[in-house]
Amino acid sequence: MQDKIRFGMIGYGKVAALHAKALKTTEHAELVSVSGHRQERRDAFAQQWGLNSRNNVEEMVKKDGIRAVVITTPHPQHYSDALSALNAGCHVLVEKPLTLSVLEAETLISEANKRNLLLSVIAQRRWYPSCQRIRHAIDEGYLGIPALGQLTILGWRDEAYYGSDPWRGSWEHEGGGVIVNQAPHQFDLLCWYMGEVAEVYGRWSNVNHPYIEVDDSAVATVIFRSGGLASIFISNSQKPGIYAKVHIHGSSGASAGVQTDGGAMFIAGRSGVLEAPYNDIWTIPGQEALRAKWQKEDEEFFSTIDATWYFFAQQEEDFANAILKGSSFSVSGYDGLQVARIIEGIYRSNREGAPVRY
């Protein structure tokens, strides 16, 4: 049996470098080639990471024998790049978000299933110990039924950030703002805890970024198939950044929460993870005293790793193992569909002035 899955990378930007670093550390994944449209940048990336530089995914399959790809291109390209990779016979792992529309997400899921290929989306925060504790508490029934969710992001992006890449801040090239770029990490956690999205009602605005076309802030209400409700409050307008949090309140009356990001939030290729994620709320009877212990453990653990890429490696190893062993994997295309429902739902609701039901 093959002991390593040969990966190709589609895209060669800042986050691609973090994925290249992560894949170098995994036991069952091997990054061998990169493809993309701009040959000079692609060749430079290939030289930096010791990869083959190819024109497209078909060439990576034919010449390098790749079986899977990681897609790190700008958001509006995710769908077409993923579809090309599936058509070429590759398992596909897409940077967040999976797509910008529900129809595109559903099409990718259908095409992957038709070809018996795996489709996944990057959701590395699921591997944070503090995030896994909440999932465990739900699975063990400590919260009863997850009934209420709260998602808050109070971050900051400055003009230099939007000027750092030509695609940032435009509808055509980025596809949106905080809703599609920063918030999908927390959207994924919310859906991991609360379940399938049934309805979204939202509004967005641009508070203090006149030099971009897209949203820097949004509010929304989400209703889940389970009957659970969630409130979303997200913004990139608070200098220098405050925090990002996801809180789950159960039918038992107990609550569990995580601060996934603190202070000025991580920017791929420009900054590090400044504060270790921690469980900022934990009221499960008999476990209240564990919160301080866990926070200390998490701070010590994060001091021993480079969190900018470490958790990418955890997910990529999980994905490679699923391909090798035919086993289940942690984040599916269906999970990416739930995030696409929230993204599309906020924009459609803002445009139509009514809830969007799925």
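Further up the page is the structure itself.
(A) Geometry of the overall build of the protein chain. The helix and strand tally for the protein chain stands at 11 helices and 14 strands. Oriented by its inertia axes, the alpha-carbon framework of the protein chain measures out at about 55 × 45 × 40 Å. Across the protein chain, the fraction of contacts at a sequence separation of at least 24, relative to all contacts at a separation of at least 6, is 70%. Per element, the accessible surface of the protein chain, about 14,500 Å² overall, is 50% carbon and sulfur. If you average the places of the 34 positive and of the 41 negative side-chain charges in the protein chain, the two averages end up 2 Å apart.

(B) Highlighting the pairing of strand β8 (residues 197–205). Where β8 meets strand β9 (residues 217–224), eight bridges bridge the pair, whose relative direction is antiparallel. Directly across from Arg 203, in β9, lies its bridge partner Val 219. Alignment of β8 against strand β14 (residues 356–357), held across two bridges, turns out to be antiparallel. Paired with Glu 199 across the two strands is Arg 357, which belongs to β14.

(C) Examining the pattern of salt bridges more closely. Tallying each qualifying case throughout the model produces 20 salt bridges. Its salt-bridge partner being Arg 135, residue Asp 139 comes within 2.6 Å of it at the nearest N-O pair. A residue pair is termed a helical-turn pair when its members lie 3 or 4 positions apart in one helix, as Asp 139 and Arg 135 do in helix α6 (residues 129–139) at four residues. Between Asp 165 and Arg 168 there is a salt bridge, with its nearest N and O atoms 3.0 Å apart. Relative accessible area serves as the criterion here: at 11%, Asp 165 is assigned to the buried category. The network of salt bridges with shared partners includes Lys 14, Asp 165 and Arg 168.

(D) Fine view of the packing of helix α5 (residues 102–114) against helix α11 (residues 333–352). For the pair α5 and α11, the least separation of the axes is 8 Å and the interaxial angle reads 170°. What the angle tells us is that α5 and α11 run roughly antiparallel. On α11, the residues that touch Val 102, Ala 105, Glu 106 and Ile 109 of α5 are Gly 333, Tyr 334, Leu 337, Ala 340, Arg 341 and Glu 344. Each residue belonging to the contact of α5 with α11 can be placed in one class, and the counts come to six nonpolar, one polar and three charged.

(E) A look at the environment of Ala 198. Inspection of the secondary structure assignment puts Ala 198 in strand β8. Spatially, the C-alpha atom of Ala 198 lies 42 Å from that of Lys 62, the residues being 136 residues apart in sequence. Excluding its chain neighbours within four sequence positions, the residues that come into contact with Ala 198 are Ile 223, Phe 224, Arg 225, Val 356, Arg 357 and Tyr 358.

(F) Focus on the nonpolar core. Core analysis: the biggest nonpolar cluster contains 73 residues, and Val 69, Val 92, Ile 179, Phe 187, Leu 190, Ile 232 and Ile 234 have the highest contact counts within it. Sort the elements by how many residues they give to this core and α11 lands first, with seven residues. Apart from the residues within four sequence positions on either side, Ile 232 is in contact with Leu 151, Phe 187, Leu 190, Ala 218, Val 219, Ala 220, Val 222 and Ile 342. Judged by nonpolar contacts, the second largest core, of 29 residues, contains Met 9, Val 34, Ala 68 and Leu 324.

(G) Examining the sheet that holds strand β6 (residues 119–121) more closely. Judged by pairing direction, the sheet is parallel, and its six strands sit side by side in the order β3-β2-β1-β4-β5-β6 without closing on themselves. If you trace the sheet from one side to the other, it starts and ends with β3 (52–54) and β6, each paired once. For this sheet, the mean angle separating the axes of adjacent strands, direction not counted, is 25°. The strands touched by helix α4 (residues 78–87) are β1 (5–10), β4 (68–71) and β5 (91–94); relative to β5, the strand with the most contacts, the crossing angle is about 160°.

What counts and how
- Residues numbered from 1 in each chain as written.
- Predicted model: local features only at pLDDT ≥ 70, side-chain atom pairs only at ≥ 80, totals over all residues.
- Heavy atoms only, no water.
- Helix = DSSP H or I, 4+ residues; strand = E, 2+ residues; numbered from the N terminus.
- Contact = heavy atoms within 4.5 Å.
- Areas by Shrake-Rupley, 256 points an atom, 1.4 Å probe, with all protein chains shown as cover.
- Lys, Arg positive; Asp, Glu negative; His and termini not counted.
- Charge placed at Lys NZ, Arg CZ, Asp CG, Glu CD.
- Pairing = 2+ DSSP bridges.
- Salt bridge = Lys/Arg side-chain N within 4 Å of Asp/Glu carboxyl O.
- Buried < 20%, exposed > 50% of the residue type's maximum accessible area, 1.4 Å probe, protein only.
- Axes fitted to C-alpha atoms, helices over the stretch in contact; angles between N-to-C directions.
- Parallel < 35°, antiparallel > 145°, perpendicular 65-115°, else oblique.
- Nonpolar A, V, L, I, M, F, W, Y, C, P; charged D, E, K, R; others polar.
- Core = buried A, V, L, I, M, F, W, Y, C linked by side-chain atoms within 4.5 Å.

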